[in-house]
Amino acid sequence: MRWPSTESIAKILEATGTGLSDFMAIISVGDASAHARIPVLGFAQAGEKGFFDDAGFPAGNGWEEVDFPVVGDPETYALNVAGDSMLPLYRDGDTLIVSPGANISRGDRIVLRTGDGEVMAKQIVRKTTDEVTLASFN
C-alpha cells in the first residue's frame, strides 16, 4: 500500500468536482451514499472483444465491480494493472480509474484503445485541434 501524492488528490478533486472538505468527510466517515459501484476489468482483458461497445464504453459480461466515490461521468470504469510494463509509474496490482467523459490536456495520463483493439496507457505530450502526441511512461 502507498499513499497518493497531493498532486493525485488534487486531480481527483478536480475530476470529481469535489471540494477538499467533502473529500475529507467521505474518507473520514466512509459515507456509503457517496459511493457507486463501477465496472472493473483486467488491463489485458480490455483489448479482447466483447468488453466494450462500438463507442468504447463498458459492455458485455465478465466485468467485476468495485466501490468508488461518485463521479460525474456515468461511463467511469476501472482497469487493473498486471505485470511491470508500466513501471515506474504503475505497479502490478494498481487500479486505474478511467473517465471517458473527462476533458484532457497536456500532461494528463490517459487510457486509450486503438482501432485494432489494443488498450494502452500513455501521457499526453502535445494536443492541438488536429493531433495528439503521446508518450510512454517508461
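All of these numbers come straight from a predicted model, not from anything done at the bench.

Q: What's the story with the pairing of strand 7 (residues 132–135) in this structure? I'm lost.
A: Strand residues, when the strand is regular, have side chains that alternate between the two faces of the sheet. By the bridge criterion, four bridges tie strand 6 (residues 119–127) to strand 7 in an arrangement that is antiparallel. Paired with Ile124 across the two strands is Leu134, which belongs to strand 7. Linking strand 6 to strand 7, which pair antiparallel, is a turn of four residues.

Q: Looking at this structure, I do not really get the side chain of Asp73. What am I missing?
A: Looking at the secondary structure, you find Asp73 in the loop between strand 2 (64–69) and strand 3 (77–80). The side chain of Asp73 sits in the buried core without any salt bridge; Lys127 is the nearest counter-charge, 14 Å away. Among the polar contacts made by the side chain of Asp73, one reaches the side chain of Ser99 at a distance of 2.8 Å. If we skip the residues at most four places from it in the chain, Asp73 touches Ser99, Pro100, Gly101 and Ala102.

Q: Explain the packing of aromatic side chains to me, please; I cannot follow it from the model alone.
A: All chains considered together, the criterion is met by one aromatic pair. With a centroid separation of 5.8 Å and 75° between ring planes, the pair formed by Trp63 and Tyr77 is classed as edge-to-face. In this pair, Trp63 sits in the loop between strand 1 (35–42) and strand 2 while Tyr77 sits in strand 3, placing the two residues 14 residues apart along the sequence. Of the two residues, Trp63 and Tyr77, neither departs from the other in class, the shared state being buried.

Q: What exactly am I supposed to notice about the side chain of Thr76 here?
A: Within the secondary structure, Thr76 sits in the loop between strand 2 and strand 3. What makes Thr76 buried here is its relative accessible area of 3%. Within the local environment of Thr76, its side chain forms a polar contact with the backbone oxygen of Asp73, the two atoms lying 2.7 Å apart.

Q: What exactly am I supposed to notice about the sheet that holds strand 5 (residues 109–113) here?
A: Pairing between the strands of a sheet comes from backbone hydrogen bonds, and it takes one of two forms, parallel or antiparallel. Taken together, the three strands give an open sheet; going across it, the order is 5-6-7, and neighbouring strands pair in antiparallel fashion. Either end of the sheet is taken by a strand with one partner, and the two such strands are strand 5 and strand 7. Ignoring strand direction, the axes of neighbouring strands in this sheet form an average angle of 55°. In this structure, strand 5 lies alongside strand 6, joined through five bridges in antiparallel fashion.

Q: Looking at this structure, how should I read the pattern of salt bridges?
A: Side chains bearing opposite charge may pair, as long as their charged atoms lie close to each other. Counted under the stated rule, the structure contains four salt bridges. Across the pair Glu7 and Lys11 runs a salt bridge, and its minimum N-O distance is 3.6 Å. Residue Glu7 and its partner Lys11 are both found in helix 1 (residues 6–16); the two are separated by four residues, about one turn of the helix. We note a salt bridge from Arg37 to Glu65, for which the minimum N-O separation is 3.3 Å. Taken together, the residues Arg37 in strand 1 and Glu65 in strand 2 connect sequence positions 28 residues apart. You can call Arg37 partly exposed: its relative accessible area is 48%. Judged by its relative accessible area of 47%, Glu65 is partly exposed. Overlapping salt bridges, with partners in common, bring together Arg37, Glu65 and Asp67 in one network.

Thresholds, definitions, all that
Residues numbered from 1 in each chain as written. Predicted model: local features only at pLDDT ≥ 70, side-chain atom pairs only at ≥ 80, totals over all residues. Heavy atoms only, no water. Pairing = 2+ DSSP bridges. Helix = DSSP H or I, 4+ residues; strand = E, 2+ residues; numbered from the N terminus. Buried < 20%, exposed > 50% of the residue type's maximum accessible area, 1.4 Å probe, protein only. Lys, Arg positive; Asp, Glu negative; His and termini not counted. Salt bridge = Lys/Arg side-chain N within 4 Å of Asp/Glu carboxyl O. Polar contact = N/O pair within 3.5 Å; in protein donor to acceptor, adjacent residues only side chain to side chain. Contact = heavy atoms within 4.5 Å. Phe/Tyr/Trp six-rings, centres within 6.5 Å; stacked < 30°, edge-to-face > 60°. Axes fitted to C-alpha atoms, helices over the stretch in contact; angles between N-to-C directions.

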